[in-house]
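Residue-level structural notes
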Amino acid sequence: MDGIKENIKEFTDCLRRCIELRFDSMKLAAVEELSKMSALLLTYLILTFPIFFALLFLLVAITFLLISAFGVVWSFFIMSAVLMLLSIVLYLLCPPFFTKVMLRTFCSMFFKKENNDEK
């Protein structure tokens, strides 16, 4: 009987260790994926700032060009209307686009591709 008790105790210890190692593995995988997501987010943020300022300066330049044709007040009204229309179009078109992109990105990060042609 002592042999069976020792085997059961050894089995439970091995099982407990296996579960602990599995949790550690899951934690490491989560840390890896979160670091990838953070790096991707930071990269997009860093790329967005120069594009934002380039667009801002372009809009100011277009406004100055319109001043000579329409005057100061009307040129600002025209640029405001253009920006409002652009905002409405982006509001209507971007959520489905960003949802698909983010879904694809997260799926590729969290789910590993399995090769069916492995021999």
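Preceding this paragraph is the structure being described.
Note that the structure is predicted; figures quoted are calculated from it, not measured.

1. Thoughts on helix α2 (residues 72–110)
Over its 39 residues, α2 extends 53 Å from the first C-alpha to the last, a length consistent with the 57 Å expected when each residue adds 1.5 Å. When the local axis directions of α2 are compared, the greatest deviation, roughly 40°, occurs at Cys 94, which is followed within four positions by the proline Pro 95.

2. Examining the pattern of salt bridges
Tallied over the full model, the rule gives 4 salt bridges. Asp 13 is the partner of Lys 9 in a salt bridge, and the nearest nitrogen-oxygen pair spans 3.5 Å. Residue Lys 9 and its partner Asp 13 are both found in helix α1 (residues 2–70); the two are separated by 4 residues, about one turn of the helix. Two residues, Glu 20 and Arg 17, come together in a salt bridge whose shortest N-O distance is 3.7 Å.

3. Re the packing of α1 against α2
Relative to each other, α1 and α2 sit at 165°, their axes nearing to 12 Å. What the angle tells us is that α1 and α2 run roughly antiparallel. The interaxial crossing formed by α1 with α2 has right-handed handedness. Of the residues in α2, those in contact with Glu 33, Lys 36, Met 37, Leu 40, Leu 59, Ile 62, Thr 63, Leu 66, Ile 67 and Phe 70 of α1 are Val 72, Trp 74, Ser 75, Phe 76, Ile 78, Met 79, Leu 83, Thr 105, Phe 106, Met 109 and Phe 110. Looking at the contact of α1 with α2 residue by residue, the class counts come to 16 nonpolar, 3 polar and 2 charged.

4. A closer look at the environment of Ser 68
Relative to the assigned elements, Ser 68 resides in helix α1. Spatially, the C-alpha atoms of Ser 68 and Phe 53 are 24 Å apart, while their sequence positions differ by 15 residues. A polar contact of 2.9 Å, which involves the side chain of Ser 68, links it to the backbone oxygen of Leu 65.

5. Some thoughts on α1
Its 69 residues place the ends of α1 99 Å apart at the C-alpha level, agreeing with the 102 Å of an ideal helix rising 1.5 Å per residue. Every buried residue of α1 is listed here: Glu 33, Leu 59, Thr 63 and Leu 66. In this structure, the buried side of α1 is in contact with α2. Within two residues after α1, Gly 71 carries a phi angle of roughly 100°, on the positive side.

6. Points about the packing of aromatic side chains
Throughout the structure, instances matching the rule amount to 2 aromatic pairs. Taken together, a centroid distance of 5.2 Å and an interplanar angle of 70° make the contact between Phe 52 and Phe 53 edge-to-face. Exposure remark for Phe 53: the relative accessible area of 40% places this residue in the partly exposed category.

7. Some remarks on the side chain of Ser 75
Along the chain, the position of Ser 75 falls in helix α2. By relative accessible area, which is 0% here, Ser 75 ends up buried. Among the polar contacts listed, one links the side chain of Ser 75 to the backbone oxygen of Val 72, at a separation of 2.8 Å. Those residues in contact with Ser 75 that lie beyond four places of it in its chain are Thr 63, Leu 66, Ile 67 and Phe 70.

Reading the values: the criteria
- Residues numbered from 1 in each chain as written.
- Predicted model: local features only at pLDDT ≥ 70, side-chain atom pairs only at ≥ 80, totals over all residues.
- Heavy atoms only, no water.
- Helix = DSSP H or I, 4+ residues; strand = E, 2+ residues; numbered from the N terminus.
- Expected span 1.5 Å × (residues − 1).
- Bend = angle between axes of the 7 residues up to and from the residue.
- Salt bridge = Lys/Arg side-chain N within 4 Å of Asp/Glu carboxyl O.
- Axes fitted to C-alpha atoms, helices over the stretch in contact; angles between N-to-C directions.
- Parallel < 35°, antiparallel > 145°, perpendicular 65-115°, else oblique.
- Left-handed = near helix turned anticlockwise from the far one by under 90°.
- Contact = heavy atoms within 4.5 Å.
- Nonpolar A, V, L, I, M, F, W, Y, C, P; charged D, E, K, R; others polar.
- Polar contact = N/O pair within 3.5 Å; in protein donor to acceptor, adjacent residues only side chain to side chain.
- Buried < 20%, exposed > 50% of the residue type's maximum accessible area, 1.4 Å probe, protein only.
- Phe/Tyr/Trp six-rings, centres within 6.5 Å; stacked < 30°, edge-to-face > 60°.

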